[in-house]
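Summary of the model geometry
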Amino acid sequence: MSAAEWKRRCEAEWGLRGAPMPDGLDWKTIYEARPLGRNLLRNPAPLGLSKASPPPENELPDAPPRGPPRFQPDGDFSAWTTSTEVLPYDTSGIPEGVVVCALPQFSWFTLEQVVDLKAEGLWEELLDGFQPEVVVQDCYEESQLHQSIYQLQVKLLAADKSTVISEHSVSPTEDLSVYSHQWKEVSHVFSGYGPGVRYIHFLHRLKNSFLNDFFPTRFTDSSVVIRAVRSGS
């Protein structure tokens, strides 16, 4: 198949009519990379869960486990950069003079990835001129551990990986007055973000608790998808 035919196939299958598609690009390689319409995050469900099924219930052990406190869930976190921040004990709600035998110890578990848009098959003319929509989605568990259990920060970065062209952050507050244990979905669409975007930095934080046993806030189905829709259309 000729280069022109590969180019026409990309245009037809991805709905890129009117988008800048220079003749000098390797359209066969771009077609095989399929950068549009797929999840660009690697290993989007490292805990082995799916939003198609309810989050698992925590099983309480017959006896408290021995050993030091845990601050990170079990999982395959390949492709993610992870870190843990153990928070100070919160004694603000304890009346003066009251003796408390044990308090939960909270921690933030952070996972992040950087997506190289050109390495995934996108080209500069499309990113700068057409500015396709960037669709971000994530799911986290209603763990009922605290009013603040989840944070998301996504940045569209320039070629130097540090200049922020556009960003979106969310830090929801949970309603603990009514028990609910479902997945909560978070989403955002970047559009009209301007030229120069070459990387996407995806970061989310989940709050965990340790009180005689480890209680996590789980997540699944994280995604960053480039959609063949011109910004502002």
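As the structure is a computational prediction, the values presented were derived from the model and not from experiment.

A word on the pattern of salt bridges
- Scanning the model with the defined rule gives 15 salt bridges in all.
- Linking Glu85 and Arg205 is a salt bridge whose minimum nitrogen-to-oxygen distance equals 2.5 Å. Placement of Glu85 in strand 1 (residues 81–86) and of Arg205 in strand 7 (residues 199–210) is noted, with a sequence separation of 120 residues between them.
- A residue is classified by how much of its surface remains accessible, and Glu85, at 38% relative accessible area, is partly exposed.
- For Arg205, a relative accessible area of 18% puts it in the buried group.
- Between Glu174 and Lys184 there is a salt bridge whose closest N-O contact spans 3.0 Å. With Glu174 in the loop between strand 5 (164–170) and strand 6 (183–190) and Lys184 in strand 6, the pair connects residues that are 10 residues apart, well separated along the chain.

Quick notes on the packing of aromatic side chains
- Taken as a whole and assessed by the stated rule, the structure comprises seven aromatic pairs.
- Each ring, one from Trp80 and one from Phe219, has its centre 6.4 Å from the other, and the planes form 80°; the classification is edge-to-face. With Trp80 in the loop between helix 2 (27–33) and strand 1 and Phe219 in strand 9 (residues 219–230), this pair connects stretches of sequence that are 139 residues apart. Taken as a pair, Trp80 and Phe219 share a single burial class, namely buried.

Some points on the nonpolar core
- Grouped together as the largest cluster of nonpolar side chains are 42 residues, with contacts concentrated most on Leu117, Val134 and Ile200.
- Tallying contributions element by element places strand 4 (residues 150–157) first for this core, with four residues.
- Ignoring anything within four residues of it in the chain, the contact list for Val134 reads Leu156, His188, Val189, Phe190, Tyr193, Ile200, Val224, Val225 and Ile226.

A few points about the pairing of strand 7
- The buried count for strand 7 comes to 12 of 12 residues, which makes it a mostly enclosed element.
- Along strand 7, one buried face is formed by Tyr199, His201, Leu203, Arg205, Lys207 and Ser209 and the opposite face, lined by Ile200, Phe202, His204, Leu206, Asn208 and Phe210, is buried too.
- Note: strand 2 (residues 105–116) against strand 7, 12 bridges, orientation antiparallel. Across the sheet, Phe109 pairs through a bridge with Leu206, a residue of strand 7.
- Two elements, strand 4 and strand 7, share eight bridges in a ladder whose sense is antiparallel. Residue pairing for strand 7: Lys155 is matched across the bridge by His201.
- As paired elements, strand 7 and strand 8 (residues 214–215) share two bridges and run antiparallel to each other. Across the sheet, the residue bridging to Ser209 is Phe215, located in strand 8.
- Between strand 7 and strand 8, which pair antiparallel one after the other, the connecting turn spans three residues, and Asn212 there sits at a positive phi close to 70°.

Rules and cut-offs
- Residues numbered from 1 in each chain as written.
- Predicted model: local features only at pLDDT ≥ 70, side-chain atom pairs only at ≥ 80, totals over all residues.
- Heavy atoms only, no water.
- Salt bridge = Lys/Arg side-chain N within 4 Å of Asp/Glu carboxyl O.
- Helix = DSSP H or I, 4+ residues; strand = E, 2+ residues; numbered from the N terminus.
- Buried < 20%, exposed > 50% of the residue type's maximum accessible area, 1.4 Å probe, protein only.
- Phe/Tyr/Trp six-rings, centres within 6.5 Å; stacked < 30°, edge-to-face > 60°.
- Core = buried A, V, L, I, M, F, W, Y, C linked by side-chain atoms within 4.5 Å.
- Contact = heavy atoms within 4.5 Å.
- Pairing = 2+ DSSP bridges.

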